[in-house]
Amino acid sequence: MTSVSRRLAEAAERIIPGGVNSATRSIGSPWAWKSAHGATITDMDGVAYTDYHAAFGAILLGHTDERVNDAVTRAIADIDLVGLGTTELEVQAAQLMVDAIPSADMVITTMSGSEATFQAVRLARGTTSRPYILKFQGCFHGSYDALARNVISTPDRAWRRDPNSSGILDDAVDHTLIAEFNDFASVEELFAQYPDQIAAVILEPVPHNVGALLPELSFLQGLRDITRAHGSVLIFDEVITGFRHALGGYQEVCGVMPDLTTFGKAMGNGFPVAGLAGTAELMTNFTPAGGSVMLAGTFNGNAASMAAAIATITVLKDPAVDFYGHVYRLGDRMRTGLQAIADEHGIAARMTGLGSVFIPYFLDGEVRGYRDLLRNNDVAYATFHRRMIDKGSFMYPMALKRNHISLAHTEADIDRTLAQAADVLPAMAREGLFETAKAAV
Ligand SMILES: Cc1ncc(COP(=O)(O)O)c(C=O)c1O
C-alpha cells in the first residue's frame, strides 16, 4: 500500500469505526479509492484493477455507466424528494419491476436489501400471525435482527445458534430456524416440529453469499409445496440473483414462484434502491392499502434511485445490448478457463457459479449444500483472490466470496485474468497450498 491510500485510510480510521462504513469493506489492507469506470477501479495512488468485486454485486452494467448517470442527472434537475403522494418516476419504476418479476402483482421500493427483507418478514408475520421464520445455513439476508444469523458459520456453529451480532434479543435469534440448503428433509423436520407456527421460509434461490450453491429444482418445488400446504409464505431473496441472472430473477430461470420477492443491489447499478414484490393478497396488507403492516421510509422512491432503476432495467431489456448473452458468455469463458488451468495442474477445484458470477471452490467432490463447503480450502481460496489482486484482477480476498462480471467487462478482460490465473494457480500448487484439503464433515 503506497502513501496516498494509506493516509486516507488512516484518516478514515480516526473518525469512522475501523475506517469503513460496512464491516465487510475491511479486508486487511487499507484500500482507498479514487475512481471507478466501466470494469476498472483505481485506488488513490493510481493503481488500476479489473473489478470483479463489483461492490458486492451492486454494479451490473459497469461503474459510472453514462446511461444511468445521465438519467439520474436529468431526473434530479426537476425533482428530488417531496415525500407525499407519488411521482411519475415511482410509477414507471414500479411498472418495470412488476412487468419483470413473474410472481409480482405489486411492489414497494426501499433503499436497501436489508429493509426489503425486513419488510418481507414483517409482512409474513403480520399476515399469518405466526412467530417463526425458517432460513438456511449460509444464506445472508441483511442486517435485520430476525435474519442476522448462520451465514458463514464455523463447523462447530453451523446449523446451531450463530447470531452475526451482539445486541440482538434472544427471542429474535431463536425465532429463526435453520435448515440445510438442498436438503428437503431438514425443512420437513422443522415443519413437523413447529406445526402452524412458521410464518415464512426465506432463501436466496442461489445462495451466493457462500459462493454459489446451485439449487435442485425438486428442492425449490418442495419448498413451494410445503409452504403452500402449511399456509406459510415463501420468500425468495433475489437481492443478488434478481435482474442479474435473468430480468425476472432466478424465479424466471427455475419456474418456481414465491409469494414474496426481495431485490436490490444491481437494479440501480450502484445507486441505492431495493424493493419487495409480491401477490396482491399479501402486499395489500401494508398500511397504505388499508392493512395492518407498517410501511414507512423517508427516502423510499426518491427521484435519483428511481431514475437509476428505470435506466438500468431499460438497458437490461434492450435486445441490442444483449446483457444476459454477454455476461453468460463471459462467465462460461471464465469458469471453463479456470477449470482447465486447475485440471492441468492437478488442483482439486470446482470453478462454478452461474451467468455473471464465478466461484473458485478448492475442494474435491460435489457441492450441494453448506455441509460440502466445510471441505473448501479456505486458505487457498483467499490466497488465490489476494494474489489475483496483486496481478491486477480485483477479487474479494476472503473465502466463499463471489466474483462478478458486468456488461462493461470484455473478452480481453477475461483472457487477461485467465493468463494471470495461469501464473498464480501453479505457483500456489508448487507451494503446497492445495494439499491441506479438509476432511469431509
Ligand atoms: C441476498 C441478500 N439479501 C439482502 C442483502 C442486504 O442488502 P443491503 O446490503 O442492501 O442491505 C444482501 C446484501 O449483501 C444480500 O446479499
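Rules and cut-offs
Residues numbered from 1 in each chain as written. Predicted model: local features only at pLDDT ≥ 70, side-chain atom pairs only at ≥ 80, totals over all residues. Heavy atoms only, no water. Axes fitted to C-alpha atoms, helices over the stretch in contact; angles between N-to-C directions. Helix = DSSP H or I, 4+ residues; strand = E, 2+ residues; numbered from the N terminus. Parallel < 35°, antiparallel > 145°, perpendicular 65-115°, else oblique. Left-handed = near helix turned anticlockwise from the far one by under 90°. Contact = heavy atoms within 4.5 Å. Nonpolar A, V, L, I, M, F, W, Y, C, P; charged D, E, K, R; others polar. Core = buried A, V, L, I, M, F, W, Y, C linked by side-chain atoms within 4.5 Å. Buried < 20%, exposed > 50% of the residue type's maximum accessible area, 1.4 Å probe, protein only. Domains from an automatic or database assignment. Buried area = accessible area lost by both parts, 1.4 Å probe. Salt bridge = Lys/Arg side-chain N within 4 Å of Asp/Glu carboxyl O. Polar contact = N/O pair within 3.5 Å; in protein donor to acceptor, adjacent residues only side chain to side chain. Near = heavy atom within 4 Å. Pairing = 2+ DSSP bridges.

Focus: the packing of helix α12 (residues 323-344) against helix α15 (residues 411-430)
Phase 1: Relative to each other, α12 and α15 sit at 15°, their axes nearing to 10 Å. Classed by the angle they form, the pair α12 and α15 counts as roughly parallel. Crossing of α12 against α15: the hand is right-handed. Within the contact between the two elements, α12 uses Leu330, Arg333, Met334, Gly337, Leu338 and Ile341 and α15 uses Glu411, Ile414, Asp415, Thr417, Leu418, Ala421, Ala422 and Leu425.
Phase 2: Taken together, the residues that form the contact of α12 with α15 break down as 9 nonpolar, 2 polar and 3 charged.

So, the nonpolar core
Phase 1: Core analysis: the largest hydrophobic core is formed by 100 residues, its most contacted members being Phe136, Phe243, Phe362 and Phe384.
Phase 2: Broken down by element, this core gets its largest block of residues, 11 residues, from helix α11 (residues 303-317).
Phase 3: Beyond its immediate sequence surroundings of up to four residues, Phe136 is in contact with Asn150, Ile178, Ala179, Glu180, Phe181, Val187, Val201, Ile202, Leu203, Phe219 and Leu223.
Phase 4: Leu147, Ala199, Leu260 and Leu276 belong to the second largest nonpolar core, which has 19 residues in total.

Topic: the domain arrangement of the protein chain
Phase 1: Entries for the protein chain in the domain assignment read domain 1 (1-46), domain 2 (66-317) and domain 3 (322-400 + 425-441).
Phase 2: For domain 2 and domain 3, the distance between their C-alpha centres works out to 28 Å.
Phase 3: Looking only at domain 2, the three residues that lose the most surface to domain 3 are Leu213, Arg244 and His245, adding up to 24% of its buried area.
Phase 4: The tally of links between domain 2 and domain 3 comes to 1 salt bridge.
Phase 5: Among the salt bridges present, the one from Arg368 reaches Glu216, with a minimum N-O distance of 2.6 Å.
Phase 6: Scanning the region where domain 2 abuts domain 3 turns up 12 residue pairs in polar contact (both at pLDDT 80 or more).
Phase 7: Classifying every residue of the side of domain 2 that touches domain 3 gives 16 nonpolar, 8 polar and 3 charged.

With respect to the site of the ligand
Phase 1: In the neighbourhood of the ligand, the contacting residues comprise Ser112, Gly113, Ser114, Phe140, His141, Gly142, Glu204, Asn209, Asp237, Val239, Ile240 and Lys265.
Phase 2: In this structure, Gly113 approaches the ligand through a main-chain N or O atom, which is 2.8 Å from an oxygen atom.
Phase 3: One of the side-chain N or O atoms of Asp237 is found 2.6 Å from a nitrogen atom in the ligand.
Phase 4: Here the residues of the shell around the ligand are counted per class, giving 3 nonpolar, 6 polar and 3 charged.

Examining the packing of helix α7 (residues 184-193) against helix α8 (residues 217-230)
Phase 1: Two elements in contact, α7 and α8, have axes whose closest approach is 10 Å; the angle formed by their N-to-C orientations is 10°. Classified by the angle their axes make, α7 and α8 are roughly parallel. In this structure, α7 uses Phe184, Val187, Glu188 and Phe191 to contact α8, whose residues at the interface are Phe219, Gly222, Leu223, Ile226, Thr227 and His230.

A word on unusual backbone geometry
Phase 1: For Asp196, which is not glycine, the phi dihedral falls at a positive 60°.
Phase 2: Residues other than glycine seldom take positive phi values, yet Asp322 does so here, at roughly 50°.
Phase 3: When you line up the elements, Asp322 lands in the loop between α11 and α12.

Description of the pattern of salt bridges
Phase 1: Here the structure, examined in full by the defined rule, presents 14 salt bridges.
Phase 2: As a salt-bridge pair, Arg224 and Asp259 come within 3.0 Å of each other at their nearest N and O atoms. Of the two residues, Arg224 sits in helix α8 while Asp259 sits in the loop between α9 (249-254) and β9 (260-263), which places them 35 residues apart along the sequence.
Phase 3: Overlapping salt bridges bring together Arg161, Asp170 and Asp174 as one network.

Remarks on the sheet that holds strand β11 (residues 350-354)
Phase 1: An order of β11-β12-β14 is seen for the 3 strands of this open sheet, with the pairing classed as antiparallel. Sheet topology places β11 and β14 (403-404) at the edges, where each strand pairs with a single neighbour.
Phase 2: In the packing of helix α14 (residues 378-391) onto the sheet, the strands contacted are β12 (357-361) and β14, and the crossing angle to β12 comes to about 125°.

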